[in-house]
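Structural features, examined
So the chains spell out like this:
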2 protein chains.
Amino acid sequence: MDSNLYTSLDWDGWDKQFRRYFMNAVSGPKPLFLMGTKHSSGASNLGLFSNIMHVGAHPPTVAVLFRPLTVARHSYHNLKEQKQATLNLVSEPMLSKAHLCSASFPEEVSEFKESGLTEEYIESWDAPAVQQSPLQLGVMPVEEHRLEANKTILFVLRVEWIRLNGLSPERDGFLDLQKLEAVSANGLDAYAGMKPVSKFLYAKPGRPVEAVDSFIP
Amino acid sequence: MDSNLYTSLDWDGWDKQFRRYFMNAVSGPKPLFLMGTKHSSGASNLGLFSNIMHVGAHPPTVAVLFRPLTVARHSYHNLKEQKQATLNLVSEPMLSKAHLCSASFPEEVSEFKESGLTEEYIESWDAPAVQQSPLQLGVMPVEEHRLEANKTILFVLRVEWIRLNGLSPERDGFLDLQKLEAVSANGLDAYAGMKPVSKFLYAKPGRPVEAVDSFIP
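Procedures and definitions
- The residue numbers shown here count from 1 along each chain, following its written sequence.
- For naming, the first written chain is A and the first written ligand is 1, with later ones following in the order written.
- Local features are withheld for residues below a pLDDT of 70 in this predicted model, meaning they are given only at 70 or higher, and side-chain atom pairs are given and counted only at 80 or more; totals for whole chains, interfaces and linings count all residues.
- Water and hydrogen atoms play no part in the side-chain values, which are based on all heavy atoms of the structure.
- Only when DSSP finds a minimum of two bridges between them are two strands counted as paired.
- Each helix is a run of H or I in the DSSP string that is no shorter than four residues. Each strand is a run of E no shorter than two, and both are numbered from the N terminus.
- Confidence scores here are pLDDT values: one per residue, from the predictor, ranging 0 to 100.
- A 1.4 Å probe rolled over the protein chains alone gives each residue an accessible area, and that area as a share of the maximum for its type sets the label: buried under 20%, exposed over 50%, partly exposed in between.
- Any pair of nitrogen or oxygen atoms within 3.5 Å is treated as a polar contact; in protein, a donor-acceptor pairing is required on top of that, and neighbouring residues in sequence qualify only through side-chain atoms on both sides.
- Residue contacts are defined here by distance: any two heavy atoms, one from each residue, within 4.5 Å place the two residues in contact.
- We define a salt bridge as a contact between a side-chain nitrogen of Lys or Arg and a carboxyl oxygen of Asp or Glu at a distance within 4 Å.
- In this scheme Phe, Tyr and Trp rings, the latter by its six-membered ring, pair at centre separations within 6.5 Å, and the angle between planes marks the pair as stacked below 30 degrees, edge-to-face above 60, and tilted otherwise.
- The convention is simple: Lys and Arg are positive, Asp and Glu are negative, and His and the chain ends are not counted.

Across the sheet, six strands lie side by side as β2(A)-β12(A)-β13(A)-β13(B)-β12(B)-β2(B); this open sheet has antiparallel pairing. Each having just a single partner strand, β2 (30–31) of chain A together with β2 (30–31) of chain B make up the two edges of the open sheet. Where strand β13 (residues 190–199) of chain A lies against strand β13 (residues 190–199) of chain B, nine bridges are found, and the strand directions are antiparallel. If you follow Pro 196 of chain A over to β13 of chain B, its bridge partner there is Ala 192 of chain B.

Below you can see the structure in the form of C-alpha cells.
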C-alpha cells in the first residue's frame, strides 16, 4: 500500500475544510486578479479571483470560473448586468489589501473603501480599475458555460484594453511578470512571489533545450 | 493619450508572434503540468499544459483547455479515447525536460524517451505518470465544452487519485507548493519558481488582514 497515494476512500472521510484546502492547492500555482465591477446602483465592487485562464491571443480572450450561485455573487451579477469588468493583476505591494477583498462584504459596501485600494477609471470604461495594479485589463463577457459537474459558471471574456503601468513588452512581445512583482495563489489563502527560473528557446524535436541567457539574472 | 494603454487599434497591427507572446503573458502566472496519456496502439504521450484550473473540491475536479483541433492534438485524442490521463506538476529540477515536451513530436515518438523523463504506472491506472513529478493526479474526463469564441475545448476532469512524493498536507489540509519546487508559466516559454510571500487568515469584514506567522520563512 502506497502511503503517498490518496483516493476518494481517503478524501470522502476528510473534514470539509481540510479537503477544501488540499484540493484547492493540488491544481498548482494560480494567477491572481481583482475583478472590478459596478452595480446598477452605481456601487463599485472588487472581488479576488484565481480561477482565470488564457483562452486566446486574437482576439485576446480569457475565462474566469465563478462558484455556484448558491449565495449572492456580486461580481457575477454585475458583470452580467453591466457587461463590463476590469481584471487587475495582484502584485506583492498590494497583496494584503487584495486578500481582504476575498471577505464577504454586504453589497452596499465598497471593497475599495474597506481595503484602501484606489478606484480608477480608464478612458470611458464604466467598471472601476485598481490604481495600484501594474497590469489592468478591460473585459467584456462574450460567452457563458455552466459546468454540470458542480454548477460552477465559466465566463469567457474578451479583452478590450490593456494598461501596463511601469513596463513595456520586450522585443518579442514577452512581458516579464516577475518585474511587475506578480503574485500567484497557492490554495485558498497563501500566496507566492515569482523567482526567475528560465526562459527557453521554442522547443523543437531533436534540438536540445536552450535557455535564453539574457533573461537569467 | 495614455501611452501605457493598448487596444485593438494597437494589437490588430502587431506581428502575430509578438501578439501571441504578449497575450499569453497578460493572464498572469499559470500552473504547469505534464499530461500523460496513452494511444490505443499503446504508445505513451506527454504534453505540457498551462491552461489548467481548479473547478471543485468535492468531487475534486479540474479543467484543462485544449487549442482548436486544427492540427493533431495527441493528448486530446488519447484522453477522449482512453478516458484517462495523468497530470504531473512540473517542478524546478525537471523543468528543461518538461519544456522539451512542448515540441511537436510525431505521434509514434514518446516524449518520455525524448525528454529523459521516466514513465511510471500508478496502481492499475493505464495512463503513464511522470516519476520525477512531486505531485501526480489521475484524471477522467466528465464533460466537454467547445468555446465558440475561438473553438478551443474545455475538458472538465474528475480527479480519481492524487500521489504526493515527499510531502504530506499540513494540519489544515494546506499543501505548500513552494516546498515541492513548483514552477509557474509566464507566457509561452518562460517559467518562474515560487518565492514565499504570505499565508493569511481567512478574510472577514472588519478584521485586519493577518499573516499566519509560522508560514513566513
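Structure shown, so let's carry the discussion forward.
Below, the discussion takes up the confidence of the model for chain A. Across chain A, the average pLDDT comes to 92, with 97% of residues at 70 or higher. The ipTM for the predicted assembly is 0.94, set against a pTM of 0.94.

Once that is clear, we can look at helix α2 (residues 16–25) of chain B. Residue and element names in this part refer to chain B. With seven of 10 residues buried, α2 lies mostly within the body of the structure. Listed in full, the buried residues belonging to α2 are Phe 18, Arg 19, Tyr 21, Phe 22, Met 23, Asn 24 and Ala 25. The distance from a side-chain oxygen at the start of α2 to the backbone nitrogen of Gln 17 is 3.2 Å, and the residue carrying that oxygen is Asp 15.

With that settled, consider the environment of Val 64 of chain B. Residues and elements named next belong to chain B. Mapping Val 64 onto the fold places it in strand β6 (residues 60–66). Separated by 76 residues in sequence, Val 64 and Met 140 place their C-alpha atoms 12 Å apart. With residues up to four places along the chain from it excluded, the contact list for Val 64 reads Met 35, Phe 49, Asn 51, Ile 52, Ile 153, Leu 154, Phe 155 and Leu 157.

This next bit is on the pattern of salt bridges. Tallying each qualifying case throughout the model produces 14 salt bridges over all chains. Notably, a salt bridge pairs Lys 80 of chain A with Glu 144 of chain A, separated by 2.7 Å at the nearest N-O pair. Of the two residues, Lys 80 of chain A sits in helix α3 (residues 74–82) while Glu 144 of chain A sits in strand β10 (residues 135–146), which places them 64 residues apart along the sequence. On the basis of relative accessible area, Glu 144 of chain A is assigned to the partly exposed category, the value being 32%. Between Arg 163 of chain B and Glu 120 of chain B there is a salt bridge, with the nearest N and O atoms lying 3.4 Å from each other. One end of the pair, Arg 163 of chain B, is in strand β11 (residues 153–164); the other, Glu 120 of chain B, is in strand β8 (residues 119–120), and 43 residues separate them in sequence. For Glu 120 of chain B, a relative accessible area of 15% translates into the label buried.

This part is about the packing of aromatic side chains. Following the criterion strictly, the structure yields 20 aromatic pairs over all chains and no others. Centre to centre, the rings of Phe 66 of chain B and Phe 155 of chain B are 5.9 Å apart; their planes meet at 80 degrees, and the pair counts as edge-to-face. With a gap of 89 residues between them, Phe 66 of chain B in strand β6 and Phe 155 of chain B in strand β11 connect regions that are remote in the sequence. Given a relative accessible area of 2%, Phe 66 of chain B falls into the buried group. Ring pairs connect the aromatic residues Tyr 6, Trp 14, Phe 18 and Phe 22 of chain A, which therefore count as one cluster.

In this section: the side chain of Asp 176 of chain B. With respect to the helices and strands, Asp 176 of chain B occurs in the loop between β11 and β12 (183–186). Buried charge without a partner: Asp 176 of chain B forms no salt bridge, and the closest opposite charge is Lys 179 of chain B, 4.2 Å away.

Here the residue pair His 58 of chain A and Pro 59 of chain A is connected by a cis peptide bond, since its omega of 0 degrees sits within 30 degrees of zero. A positive phi angle, near 55 degrees, is found at Lys 83 of chain A, a position not held by glycine. Checked against the element boundaries, Lys 83 of chain A lands in the loop between α3 and β7 (85–89). Looking at Lys 83 of chain A, the relative accessible area reads 48%, which means it is partly exposed. Positioned with a positive phi, Lys 151 of chain B is a non-glycine residue whose angle comes to about 65 degrees. One can find Lys 151 of chain B in the loop between β10 (135–146) and β11. When its relative accessible area of 40% is taken as the criterion, Lys 151 of chain B is described as partly exposed.

As a further point, take the pairing of β7 of chain A. One face of the sheet, then the other: side chains in a regular strand alternate in exactly this way. Residue and element names in this part refer to chain A. A large share of β7 lies buried, amounting to five of its five residues. Neither face of β7 is left uncovered, since the one carrying Ala 85, Leu 87 and Leu 89 and the one carrying Thr 86 and Asn 88 both have all their residues buried. Direction of pairing for strand β3 (residues 33–38) relative to β7: antiparallel, over a ladder of four bridges. Looking at β7, one finds that Leu 34 is bridged to Asn 88. By the bridge criterion, four bridges tie β7 to β10 in an arrangement that is antiparallel. Bridging across to β10, Leu 87 finds its partner in Leu 137.

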